[in-house]
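# Overview (structure and organization)
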Amino acid sequence: MIEVTVPLPATRLLAEFAAGPAEVPSEVRETAKDVLVNALAVAIGASNHPITTTALSSVQTLENPGLSTLLGRKERTSPVWAALVNGVAAQVEDFGDIHRALQVGLSAALVPAALAAAELRNRTGAHVVDSIAIGAEVGLRIAKGLGPSHRERGWDISATAGGIAAAAASGRLLGLDGRSMQMAIALATTQSAGLLVSRSAMTGPLQMGQAAANGLEAALLAEAGFSGAEAAVEGRRGLGFLTSRDPDYGLMVERLNQTWEAAAIMIKPFACSELCHPAIEAALALRPRVASTLDIATVLVVVNPMVLEVDRPNPRTGLEAKLSLQHCVAVSFLDGSALPSQFTDARVQAPDAAALRRKIDITTDPRIDPDEARMSVETLEGEVPQWEVLHGIGKSEVRLIGDQLYSKLRSLAAPTLGPRTDAFIKSCQDVDKASARWLTSASTPPVAPGR
Amino acid sequence: MGDKLKRLDSGPADGTVESQIAVMRRLATRLTGLIDEALPPSVEHEAERTLLNVLGTAIFSSSDPAVDQVLVVASTNAGRKVAPIPGRLEGSDLYFAAIATGLAAHLDDFDDTHVQSGNVHPGSVALAATLGIGKIRGATGPRFLQAFAVTCEVLIRTALSLAPAHHKEGWQPMSTCGAIASALGAGVLMGLNETQLANAASIGATRSLGHREALGTPAKAFHAGKAAANGVISGLLAERGFTAVPTTFEAPTGLAAVLARESDPERLLAGFGEEWELMRNTYKAYPCGVVCHPGIDAAIELSEAVGDLQAIQVLDYECHPLVLELVDRRDPGNGLEARFSAQHGVAVALQDRRAGLVEYSDARVRAADVTHLRSLIRLRPRSDFSRDEAALEATMMDGTRIRTHVPHARGSLSCPLTDAELYVKFEGLAEPVLPGASQRIADAVMGLGSVDGLNRLIDAVSPRSPE
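## Examining the overall build of chain B
Of regular secondary structure, chain B possesses 22 helices and six strands. Relative to a compact globule of 467 residues, whose C-alpha radius of gyration would be 23 Å, chain B shows 22 Å and is just as compact. By its C-alpha atoms, chain B is 80 × 65 × 45 Å across when sized along the principal axes. Expressed as a percentage of its 467 residues, the buried residues of chain B come to 65%. Look at the contacts in chain B between residues 6 or more apart in sequence, and 75% of them connect residues 24 or more apart. Each charge class in chain B can be summarised by its mean position, and for the 43 positive and 56 negative side chains these summaries are 4 Å apart.

## A word on the overall build of chain A
Secondary structure assignment for chain A yields 20 helices and eight strands. The C-alpha atoms of chain A give 22 Å as radius of gyration, which agrees with the globular expectation for 451 residues (22 Å, within 12%). Overall, the C-alpha framework of chain A stretches about 80 × 70 × 40 Å when taken along its three principal axes. The burial tally for chain A puts 66% of its 451 residues in the buried class.

## Some points on the sheet that holds strand E7 (residues 373–379) of chain A
Residue and element names in this part refer to chain A. Spatially, the four strands line up as an open sheet ordered E6-E5-E7-E8, and their pairing is mixed. Each edge of the open sheet carries a strand with a single partner, namely strand E6 (360–364) and strand E8 (386–389). Taken pair by pair, the neighbouring strands of this sheet meet at an average axis angle of 20°, ignoring direction. Of the pairings in the sheet, the one linking strand E5 (residues 296–303) to E7 comprises six bridges and is antiparallel in character.

## Details of the pairing of E5(A)
As defined by bridge partners, E5(A) adjoins E6(A) across five bridges and the pair is classed as parallel. Among the inter-strand pairings, Val302(A) is bridged to a residue of E6(A), identified as Thr363(A).

## Section: the interface of chain B and chain A
Counting residues at the interface gives 67 residues for chain B and 66 residues for chain A. Between chain B and chain A the total buried area reaches about 5600 Å² when both faces are included, carbon and sulfur atoms providing 58% of it. Counting every contact that joins chain B to chain A gives four salt bridges. Linking Lys226(B) and Glu217(A) is a salt bridge whose minimum nitrogen-to-oxygen distance equals 2.8 Å.

## Let's talk about the packing of helix H2 (residues 41–60) of chain B against helix H21 (residues 438–446) of chain B
Residue and element names in this part refer to chain B. It is at 9 Å that the axes of H2 and H21 come closest, and there the two elements cross at 145°. Here H2 runs over H21; the crossing is right-handed. Residues Glu48, Leu51, Leu52, Leu55 and Ile59 of H2 touch H21, and the partners they reach there are Ile441, Ala442, Val445 and Met446.

## Remarks on helix H5 (residues 122–136) of chain B
All names here are of chain B. Taking 1.5 Å as the rise per residue, H5 with 15 residues should run 21 Å; its terminal C-alpha atoms sit 22 Å apart, in good agreement. Along its length, H5 shows its largest kink, about 25°, at threonine 130. Burial runs high along H5: 13 of the 15 residues are buried. Directly after H5, the chain includes glycine 138, whose backbone phi takes a positive value near 65°.

## Examining the pattern of salt bridges
Pairing between side chains of opposite charge can happen when their charged atoms approach one another. Residue and element names in this part refer to chain B. Applying the stated criterion across every chain, the model contains 57 salt bridges over all chains. The salt bridge partner of arginine 261 is glutamate 169, with a shortest N-O separation of 3.9 Å. A residue pair is termed long-range when its members are at least 10 positions apart, and arginine 261 in the loop between helix H12 (255–259) and helix H13 (266–269) and glutamate 169 in helix H7 (residues 165–169) qualify at 92 residues. Taking the relative accessible area as the measure of exposure, arginine 261 reaches 48% and is therefore partly exposed.

## As for the sheet that holds strand E4 (residues 377–381) of chain B
Residue and element names in this part refer to chain B. Overall, mixed pairing links the four strands, which are arranged E4-E3-E5-E6 in an open sheet. Sheet topology places E4 and strand E6 (401–406) at the edges, where each strand pairs with a single neighbour. Between one strand axis and the next, the sheet turns through 15° on average, direction left out of account. By the bridge criterion, six bridges tie strand E5 (residues 390–396) to E6 in an arrangement that is antiparallel. Across the sheet, alanine 391 pairs through a bridge with histidine 405, a residue of E6.

## Quick look at unusual backbone geometry
With an omega dihedral of 0°, the bond running from Ala163(B) to Pro164(B) counts as a cis peptide bond. For Asp94(A), which is not glycine, the phi torsion reads 50° and is therefore positive. With respect to the element layout, Asp94(A) can be found in the loop between helix H4 (79–92) and strand E3 (97–99). Its relative accessible area of 9% is what places Asp94(A) among the buried residues.

## Focus: the packing of aromatic side chains
In total, this model carries eight aromatic pairs over all chains according to the counting rule given. Ring geometry for Trp81(A) versus Tyr95(B): centroids 4.7 Å apart, planes at 75°, classification edge-to-face. Of the two residues, Trp81(A) is situated in helix H4 and Tyr95(B) in helix H4 (residues 94–107); the pairing between them involves two chains. Members of the aromatic cluster, connected to one another through ring pairs, are Trp81(A), Tyr95(B) and Phe96(B). Over the face of the ring belonging to Phe95(A) we find Lys408(A), whose NZ or CZ atom lies 3.7 Å from the ring centre.

## Description of the confidence of the model for chain A
Averaged over chain A, the pLDDT score is 93; the fraction of residues at 70 or greater is 95%. Contacts of residues 393–398 of chain A to residues separated by more than four positions or lying in other chains number 14 contacts, the stretch itself having pLDDT below 50.

## Some details on helix H15 (residues 325–335) of chain A
All names here are of chain A. For H15, the tally of buried residues reaches 10 of 11 residues, placing the bulk of the element in the interior. Those residues of H15 lying buried are Leu325, Gln326, His327, Cys328, Val329, Ala330, Val331, Ser332, Phe333 and Leu334. Following H15 by one or two positions, glycine 336 adopts a phi angle in the positive range, close to 70°.

## Brief notes about the environment of Ala168(A)
Residues and elements named next belong to chain A. Within the fold, alanine 168 resides in helix H8 (residues 157–174). Judged by relative accessible area, which is 0%, alanine 168 ranks as buried. Along the backbone, alanine 168 and histidine 49 are 119 residues apart, and their C-alpha atoms lie at a distance of 29 Å.

Rules used throughout
Residues numbered from 1 in each chain as written. Chains lettered and ligands numbered in written order. Predicted model: local features only at pLDDT ≥ 70, side-chain atom pairs only at ≥ 80, totals over all residues. Heavy atoms only, no water. Helix = DSSP H or I, 4+ residues; strand = E, 2+ residues; numbered from the N terminus. Rg over C-alpha atoms; globule rule 2.2 N^0.38 Å. Buried < 20%, exposed > 50% of the residue type's maximum accessible area, 1.4 Å probe, protein only. Contact = heavy atoms within 4.5 Å. Lys, Arg positive; Asp, Glu negative; His and termini not counted. Charge placed at Lys NZ, Arg CZ, Asp CG, Glu CD. Pairing = 2+ DSSP bridges. Axes fitted to C-alpha atoms, helices over the stretch in contact; angles between N-to-C directions. Buried area = accessible area lost by both parts, 1.4 Å probe. Salt bridge = Lys/Arg side-chain N within 4 Å of Asp/Glu carboxyl O. Left-handed = near helix turned anticlockwise from the far one by under 90°. Expected span 1.5 Å × (residues − 1). Bend = angle between axes of the 7 residues up to and from the residue. Phe/Tyr/Trp six-rings, centres within 6.5 Å; stacked < 30°, edge-to-face > 60°. Lys NZ or Arg CZ within 6 Å of the ring centre and 35° of its normal. pLDDT = per-residue confidence, 0-100.

Rendered as structure tokens:
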């Protein structure tokens, strides 16, 4: 008796969903809109960061035609490189969004690719929002089907799934049919790359920018007629078998268009790895009960063993500090926040932060989920207040909504956009009525006087 | 296996990961020492053979629709067209010229193969990574040939450090390791210092690509070009000060670990610069997967002995087990798929007594005589056979059996193409695109010892614009 199990044609089914007449539910559209405008603001905020400018100056040596907007900057470049540089900028602060259960944040790959495709073909803002929702769904389904073993092996799932999400979103904006979309997804899939180990250096943001560029390029190649493997995702030598111990293609394709993983995306309230967020919340809650941080003898944090990925007592740079639970807890007590200014190299190297980091004691408990934390503080007086954060990031009370989101956008964009910040906020609020080009134009700083 | 990486701090400050100097750093150090010296004459000669061979395949496919499709994307994305694409009148920018060149060079699967590393095709990646940047940065002939040789060598060695698990699992080592090698090759031509070279290689390690699922589609050849282009961009980033985690390659959850269940990063460095793996490169005698080659040799031999092919009842094809794993395709739909069909190679060689590009055209693949012969073939795996070994036995209608055995395929390491045979192959590839230019190109490859050797070579592989 021979049993033959044929894997579901995941590549084709995902492509048909991405190219097809999907009706995005309104709550998913709202989430996609938040993902879009948040990523724009985060990228504008990091548009002068040395990592962004180094990436930009490298690709500028190619002397590309200026068809596409660089967020927060006056220069322009070509679509593929705009996707890369904007992707780098959107990831530098690790302040985008997160799907809590899957631990995936796609926006730095997804949004820049979609934006460049939309700008190139003069699409509407509403089209961009739909495409981001659908691209996100494709990327999240890929991540869900690959499962935790993908990450455990060392892959940066946000980058590996991000390139595929970017291809789906940009392919939709280019108007690819199902067959071409399948090829776009195939070409992006065979280029899935990015490592967790690289996230603590300049290569972390670069991986997301590269995913954005690869995704857009894959869609453009497919549009031109280039082809790849029909079963790129589920084939015997495809993504699933190569990068996961137990790929589940059913999770990738079942109930597409009916249930939406994208509905569970959260906008990040803190500018660091999502693994640090529950402990930050606990620290912010305990902070008012500690008279002075100088009184702190020990902070005991209990987390899931997976959170050891961010057990990093001596970060040296802002990028490393975003992956340091000790630093995140320390600045939460010291500064009462965990925003980009808590992760500058100077803040990381400051003596008070270094001193408090040494007092953070991490233990693990597998009964605590990765999005939970338990914290107690021992002060010199011996008081021991306790705080427990359950389902930290997912809780609706910490979700950035409405005004909170827009104040985040404003604070990120204002230093770069200056007097044009109001126009930017308006274009974000009216994204459904806008054209993509209006949106990108509102994301650039004022032209210097005299020009 | 090493301990599960607990802390990701990369530098020596924490002392957690770098108990010794990172592999890419040591590679950069060895490389900077190496490029101060001339290549040993035998290595130089093998590099020239690799280069001539791959220029032939790149030129032959330079106007393939797949290359045109890449250049459509380039039309809205590429910058100044300063980099050449061999065989084409117009080049592109550094990035897109690298993609187009690598794609064309590997498209017909007729380039070269380093078998032990998991069938790496070093020439396509190395040509794409070095030609454009060599021209733009004004490389001398010897420096260009050195960078080309080094790209091949690093690529082969990186793949060897992951072999055999990596290729077997389903990756294409040519491209997964290609960006690292290309970053270093391009970096040498940019004049990067040791620190920059190490960073370029580690940046390249974050942009691996290439699943073997793409076999039989143009994406497989795209892998070669894109790996080279990724390497060039990695070099440009490192030149501007971009940095990477030094242990990106060998960290317990680094590139080597995600790409292969078993790997030996030290294998990359052992004997680097003293013992050249490039010397074990082989040049394909036939435009198809290298495991098909001994079967084709056997079929050409058998064809004469059999005479009347109509009288064959069944064909037993004894082969290395890898043939079943990689190229068992009884009914290829087109020329590209036929390149990974052991059955097609044998059938067409029986019928036509040769297996050149014509024999892998879509028309020939679909022809009735060849389709019939393919249907008679039974693959017989022989675990005692080496990869370049095959035997064919024809059972005739009257019960007569005729058998032929090929211990080493033409073009294999044990039976390499001579310089004269290689030139004949090159001429067959270059003539249709650049009529009358073959000797000039071959002379330019052999003349890379002169300072302006690279300019002469680029001139020779460019079509004369119609006056």
